[in-house]
Amino acid sequence: MAVRAAVLRHIRVTVTPSVGKPQTWSLSNSLRSMSSHGDDHLNKEEVIERVLSVVKSFPKVDPSKVSPDVHFQKDLGLDSLDNVEIVMALEEEFKLEIPDKEADKIDSCNLAIEYIYNHPMAG
């Protein structure tokens, strides 16, 4: 016990509170300050707009048929290779890497929007 007290005396850091500012601690504020992503997370409208833009610019897609609810194969007539190419284009657009297991599940604009919106590193 005496050793512990001696060690603690040497590693303690004196903290002086800011004058006039109450010191409150909250887990969410602490986590936010540790995050490298900060407050620049994309809003949902921006994600929707950019996903739709990527899908509309795909050569085999009729842009007039693209909406947030469109399914790549059922509604746009794309095949599985086209699906992979769209996911790759989305990775490039949002500067992120989607693992193969997750990429295989993204078969509609809605799933792409949800995945990207919930991805912490999407930019």
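Just so you know, these numbers come straight off a predicted model, no measurement behind them.

**Student:** What is the right way to read the environment of Ile113 from this model?
**Tutor:** Residue position: Ile113 is located in helix α6 (residues 109-118). Using a relative accessible area of 2% as the deciding quantity, one classes Ile113 as buried. Between the C-alpha atom of Ile113 and that of Asp69, which follows or precedes it by 44 residues, the distance is 9.9 Å. With residues up to four places along the chain from it excluded, the contact list for Ile113 reads Lys44, Val47, Ile48, Val51 and Pro68.

**Student:** What should I look at first to understand the nonpolar core in this one?
**Tutor:** The nonpolar side chains of a soluble globular protein tend to be buried with one another. Within the largest apolar cluster, 27 residues are counted, with the highest numbers of intra-cluster contacts made by Val51, Val55, Phe72, Leu76, Leu90, Phe94 and Ile116. Looking at this core, the elements with two or more residues in it are α3 (44-56), α4 (80-94) and α6.

**Student:** Got a minute to help me understand unusual backbone geometry in this structure?
**Tutor:** Apart from glycine, the bulk of residues carry a negative phi angle, and the bulk of peptide bonds sit in the trans form. For Lys95, which is not glycine, the phi torsion reads 55 degrees and is therefore positive. Position of Lys95 relative to the elements: it lies in the loop between α4 and α5 (100-103). Classification of Lys95 as exposed rests on a relative accessible area of 67%.

**Student:** Where do I start with the environment of Cys109 in this structure?
**Tutor:** Along the chain, Cys109 turns up in helix α6. In this structure, the C-alpha to C-alpha distance between Cys109 and Val51, residues 58 residues apart in sequence, is 7.0 Å. Contact partners of Cys109, with chain neighbours within four places excluded, come to Val51, Leu52, Val55, Val66, Ser67, Pro68, Val70 and Phe72.

**Student:** Would you mind going over the side chain of Asn83 with me for this structure?
**Tutor:** Within the fold, Asn83 resides in helix α4. Asn83 has contacts with Phe72, Ile106 and Asp107, leaving out every residue within four places of it along the chain.

**Student:** Please explain α6 as it appears in this structure.
**Tutor:** Residues separated by three or four positions in an α-helix point in the same direction, a consequence of the helix having 3.6 residues per turn. Within the sequence span of α6, burial applies to Cys109, Ala112, Ile113, Tyr115 and Ile116. Against α3, α4 and α5 lie the buried residues of α6.

**Student:** What's the story with the side chain of His71 in this structure? I'm lost.
**Tutor:** As for its placement among the helices and strands, His71 is situated in the loop between α3 and α4. Classification of His71 as buried rests on a relative accessible area of 15%. At 3.0 Å, the side chain of His71 and the backbone nitrogen of Lys74 are in polar contact. In this structure the side chain of His71 is engaged in a polar contact, spanning 3.1 Å, whose partner is the side chain of Asp107. Excluding residues that lie within four positions of it along the chain, His71 makes contacts with Leu76, Asp107 and Ser108.

**Student:** I keep staring at the confidence of the model for the chain and nothing clicks. Help me out?
**Tutor:** As a general rule, the predicted coordinates of low-pLDDT regions are not to be interpreted in detail. Here the chain averages 80 in pLDDT, while 67% of its residues score no lower than 70. Across the chain, element-level confidence peaks in α3 with a mean pLDDT of 96 and bottoms out in helix α2 (residues 27-34) with 42. Within the model, the stretch residues 23-38 combines pLDDT values under 50 with seven contacts to residues more than four positions away or in other chains.

**Student:** Looking at this structure, how should I read the packing of α3 against α6?
**Tutor:** Helix packing geometry: the angle between the two helix axes and the distance between the axes. At a minimum axis distance of 9 Å, the contact between α3 and α6 shows a crossing angle of 135 degrees. Judged by the angle between their axes, α3 and α6 are oblique. With respect to the hand of their crossing, α3 and α6 are arranged in right-handed fashion. Counted together, Lys44, Val47, Ile48, Val51, Leu52 and Val55 of α3 and Cys109, Ala112, Ile113, Glu114, Ile116 and Tyr117 of α6 form the full contact between these two elements.

Conventions and cut-offs
- Residues numbered from 1 in each chain as written.
- Predicted model: local features only at pLDDT ≥ 70, side-chain atom pairs only at ≥ 80, totals over all residues.
- Heavy atoms only, no water.
- Helix = DSSP H or I, 4+ residues; strand = E, 2+ residues; numbered from the N terminus.
- Buried < 20%, exposed > 50% of the residue type's maximum accessible area, 1.4 Å probe, protein only.
- Contact = heavy atoms within 4.5 Å.
- Core = buried A, V, L, I, M, F, W, Y, C linked by side-chain atoms within 4.5 Å.
- Polar contact = N/O pair within 3.5 Å; in protein donor to acceptor, adjacent residues only side chain to side chain.
- pLDDT = per-residue confidence, 0-100.
- Axes fitted to C-alpha atoms, helices over the stretch in contact; angles between N-to-C directions.
- Parallel < 35°, antiparallel > 145°, perpendicular 65-115°, else oblique.
- Left-handed = near helix turned anticlockwise from the far one by under 90°.

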